[in-house]
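A look at the structure
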Amino acid sequence: MENYDVKALMDAKIPGEETGIEIKKGICGFCGDSCLVDVYMKEGKVIKVEGTKDLPGSNGKLCSKGAALKQALYNPERLLYPMKRVGKRGEGKFERITWDEALTTIADKMKETKEKMGAKHTMIYVAHPKWFRPQATELANGYGTPNYGTESSTCAYALMMAVKSSYGANQGMLAPDVRNCKAHFIWGVNPMHSRSVSGSGMILNNIKRGMKLVVIDPRCTPTTEHADIHLRPIPGTDGALAHGMARVLITENLYDKEYVEKYTIGFEEYKNYVMEFTPEKVEAITGVPKEDMIAAARLMGEMKPCPIQMSASPVVHNINGVQNARAVTLLLALTGSFGVKGGSAAPGGPMAMLKGRFAPNGKIKRVDAENDLSHNDFPAWAKLSSHEIQVTKIADYLLGKGEYPIETLVAFGMNHHMWPRVDRVEEALESIGFVANADIYMTESCKYADIVLPVQSSLEREQVEVLGGKTLFYQGHVVEPMGEAKTDMDIICALAEKLGFVIGGDEPIHNHEDYLRKAISPTGVTLEELKANPMGVEIKNFMPAKTTEDILKVQTPSGKIEFVSSVIASCDKEGHEGLPVFHDFREKLPMDEYPLILATGSRKPHLFHSRSYRQPWLANLEKYPLVEIHPSDAEKLGMVEGEEVVIKTPMGSMDITVRITSSNLPGVVNVYHALGDVDINYIMDDTYLDPISGFPGYKSYCCRLEKKGE
Ligand SMILES: Nc1nc2c(c(=O)[nH]1)N[C@H]1C(S)=C(S)[C@@H](COP(=O)(O)OP(=O)(O)OC[C@H]3O[C@@H](n4cnc5c(=O)[nH]c(N)nc54)[C@H](O)[C@@H]3O)O[C@H]1N2
Ligand SMILES: Nc1nc2c(c(=O)[nH]1)N[C@H]1C(S)=C(S)[C@@H](COP(=O)(O)OP(=O)(O)OC[C@H]3O[C@@H](n4cnc5c(=O)[nH]c(N)nc54)[C@H](O)[C@@H]3O)O[C@H]1N2
Ligand code: SF4
Ligand SMILES: [Mo]
């Protein structure tokens, strides 16, 4: 390079001495996944982010949100200092204060609430950020309130309830053994968008080795493009579809009789029930041609064991969600696919364990749990998901319409737009005694807080991760924390201290560093070793692998896989049947007046709930809220691409722009959520909930579209 041009090198962001650009390894973490990235730095500032190929488990990939990470980090809406509210709630007027004043104010308010009313009148809430949830539970426990809730009141836990009810209390999401199966069923997941970096490669690699793929999704997506069979049920009808498949498997003797006899109970009752779901009936309910349903069932029977991959959201975002998810997951029991190689929840190799890290099956129990606010509203939740309250009725609980009122709310990353009837949640946030919220940004929810606390984002905070199952990796402060931002862990520890206790139990955690040391303690690697080895250190100690025999010692009340769930049946409220009964949501809705099915929130690669609208590179990809409709519906309604129309639900109406797409099913429209004051959640019904899980019917509500001025 004789005549190289430094400006050209700079423009191309080439690292080296001439340019002063260096690459640091980091964890993107913008969406809660932990993709590894090359962070291009100049003079202490991030100038570019790329996927890395150099660390174990990395593949050089990056999604659009990761590529825009710089705009998330240096965003004008970043919270830099603790602040107290000086205007009205919601107005957004704040004044800088010190950390000590902020934390003392919150702790004093918590103490006062406890003294005057009792600890349960304080709610502690954690949103989508999950990494510090065990310690947030300890904060609630140390203080004494059972009212500790999270965003998982609409995400994942309903699926886990379905799984636990049949497969036992120690089971979670039933990970599919994609590497070892002959055929894989992806049921209502679009990993090409929702796990675009971590999830997509795995599927494509296994298709290359000859694995068959069946995808069950109303829409056409980049995932369904790879399917050998694509079933397109009307949203919310998964239970009927699964029962139809079960009937085929049973009548054609394609199920695993030996497995069913040995490991399950309730088969006869289940069999009698699913016999009602003839192919014709299933086609009428789901819209799936019966030949296709039968073909999928036969493939499952012939290629068993088969894993089924399910999602934290779509199937359970329905008012019959738990029962539908049970219907689907019971196909695993029927085909002998649970707990075996090539099925779901298969035995694996030795596992690296990090202590005190978030695991959805968390073991920390809440104090006084039977007195939480949701106990009587959702008894099955209380039995199957006992480590937090079901908080979907947050508006009611904050408005004092629960069994007792909430006076004080201490939140981490609260986004009140994630709930149905955002207007009611806003009314509630205006009405209660005290609100604190810790976030990276001055969000719409922060504007309702009395005290806001700035937190560090992923590249600013020290982290440890297991890479590729064998290597431990430490990320230091890739960039110095912005302003006075602290980690959530440091905030929790400081609050606990002001309240007079320490979290962590036998291994106390006083600060973020204690948390890191505790996390890595089972691995046999020290923090010092990690800091000295920026490319990671091999883990020394692993948890022993589980065998099929271990997994099939099922932790249900009967000790067997339950086709008829004794726990759900024991909850004895409307909709709590022991069998996975199919109830059609359409019977509960005014479909005559609102004939289109409204599905909300199907993931888009560049959007992440309320997080991605403030990065110009992402926001410019989709500037308005869109309603996606099939060409035949557009034609019937006389609507054209880009036209602004009105969407009406029984809860209200809003303006929205039409996008016409043949990837939709006719009669079903899709709208993304969390878009500021034009959020579809303003007009979603907060009483339209699954009685078992409390999850809202986000993917199968009703609406109609009208031309403006009609
Ligand atoms: N880019 C991006 N990634 C994300 C997120 C994000 O906001 N943006 N969010 C994260 C979170 S919190 C979650 S929970 C996951 C969810 O991610 P996914 O599990 O992939 O969920 P969705 O994209 O909502 O829905 C997956 C597919 O299910 C289909 N579907 C909708 N309703 C039904 C139904 O009733 N039955 C069936 N069988 N299919 C249905 C939709 O058409 C969609 O293509 O994604 C995570 N990843
Ligand atoms: N209509 C409709 N509504 C839905 C859904 C749907 O499909 N349709 N999906 C539901 C689902 S599955 C989910 S998971 C929820 C989304 O759950 P939400 O909790 O609403 O998710 P986000 O908006 O991504 O994140 C909330 C806030 O957390 C902040 N944050 C990010 N990282 C951290 C951190 O480390 N610490 C702190 N303190 N804050 C942080 C972000 O800045 C943001 O303000 O939405 C639900 N709502
Ligand atoms: S999926 Fe995208 S946003 Fe999420 S951690 Fe990976 S690169 Fe970042
Ligand atoms: Mo979610």
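Observations concerning the domain arrangement of the chain
By domain assignment, the chain separates into domain 1 (2-73), domain 2 (173-344) and domain 3 (586-707). Just the C-alpha atoms count here: the centres of domain 2 and domain 3 sit 26 Å apart. Taken together, the contact between domain 2 and domain 3 spans 23 residues of the former and 26 residues of the latter. Interface area, domain 2 with domain 3, both sides summed: about 1,900 Å², of which 61% is carbon and sulfur. Summed over the three residues of domain 2 that lose the most area to domain 3, namely R219, H317 and I319, the buried surface amounts to 38% of that side. Our count for the contact surface shared by domain 2 and domain 3 stands at zero salt bridges. At the surface where domain 2 touches domain 3, the tally comes to nine residue pairs in polar contact (both at pLDDT 80 or more). The set of elements that each furnish at least two residues to the side of domain 2 that touches domain 3 consists of α7 (191-194) and α14 (321-334).

Concerning the site of ligand 1
Ligand 1 sits among 32 residues. The nearest are S194, D217, D238, S311 and L607. Note that an oxygen atom of ligand 1 is positioned 2.8 Å from one of the side-chain N or O atoms of R219. Taking 910 Å² as the accessible area of ligand 1 by itself, protein coverage stands at 97%. Within the shell around ligand 1, the residues separate by chemical class into 12 nonpolar, 12 polar and eight charged. Residue assignment places the shell around ligand 1 across two domains, with domain 2 (173-344) and domain 3 (586-707) each supplying three or more.

A short note on the nonpolar core
Grouped together as the largest cluster of nonpolar side chains are 110 residues, with contacts concentrated most on F185, W187, Y270, L331, L334 and F338. For this core, the element with the highest residue contribution is α14, accounting for nine residues. Mapped onto the domain boundaries, this core takes at least three residues apiece from domain 2 (173-344) and domain 3 (586-707). The residues contacting L331, other than those within four sequence positions of it, are W187, A242, M245, A246, L249, Y270, M300 and I308. Residues A136, I491, I503 and A519 belong to the second largest nonpolar core, which totals 49 residues.

Some remarks on the pairing of strand β3 (residues 45-51)
Looking down a regular strand, the side chains alternate between one sheet face and the other. Where strand β2 (residues 36-42) and β3 come together, six bridges link them in antiparallel fashion. For Y40, the partnering residue across the bridge sits in β3 and is K48. Hairpin connection of β2 to β3: two residues between the antiparallel strands, including E43 at a positive phi of 50 degrees.

Some details on the site of ligand 2
Taken together, 33 residues form the shell around ligand 2, and within it N415, D439, S610, R611 and N681 come nearest. Between G413 and ligand 2, the recorded distance is 3.3 Å, taken from a backbone N or O atom to an oxygen atom. At 3.0 Å, a side-chain N or O of T600 approaches a nitrogen atom of ligand 2. Considering ligand 2 on its own, with 920 Å² of exposed area, one finds that the protein chains cover 98% of that surface. Looking at the shell around ligand 2 residue by residue, the classes come out as 13 nonpolar, 13 polar and seven charged.

Definitions and limits used
Residues numbered from 1 in each chain as written. Chains lettered and ligands numbered in written order. Predicted model: local features only at pLDDT ≥ 70, side-chain atom pairs only at ≥ 80, totals over all residues. Heavy atoms only, no water. Domains from an automatic or database assignment. Contact = heavy atoms within 4.5 Å. Buried area = accessible area lost by both parts, 1.4 Å probe. Salt bridge = Lys/Arg side-chain N within 4 Å of Asp/Glu carboxyl O. Polar contact = N/O pair within 3.5 Å; in protein donor to acceptor, adjacent residues only side chain to side chain. Helix = DSSP H or I, 4+ residues; strand = E, 2+ residues; numbered from the N terminus. Near = heavy atom within 4 Å. Areas by Shrake-Rupley, 256 points an atom, 1.4 Å probe, with all protein chains shown as cover. Nonpolar A, V, L, I, M, F, W, Y, C, P; charged D, E, K, R; others polar. Core = buried A, V, L, I, M, F, W, Y, C linked by side-chain atoms within 4.5 Å. Buried < 20%, exposed > 50% of the residue type's maximum accessible area, 1.4 Å probe, protein only. Pairing = 2+ DSSP bridges.

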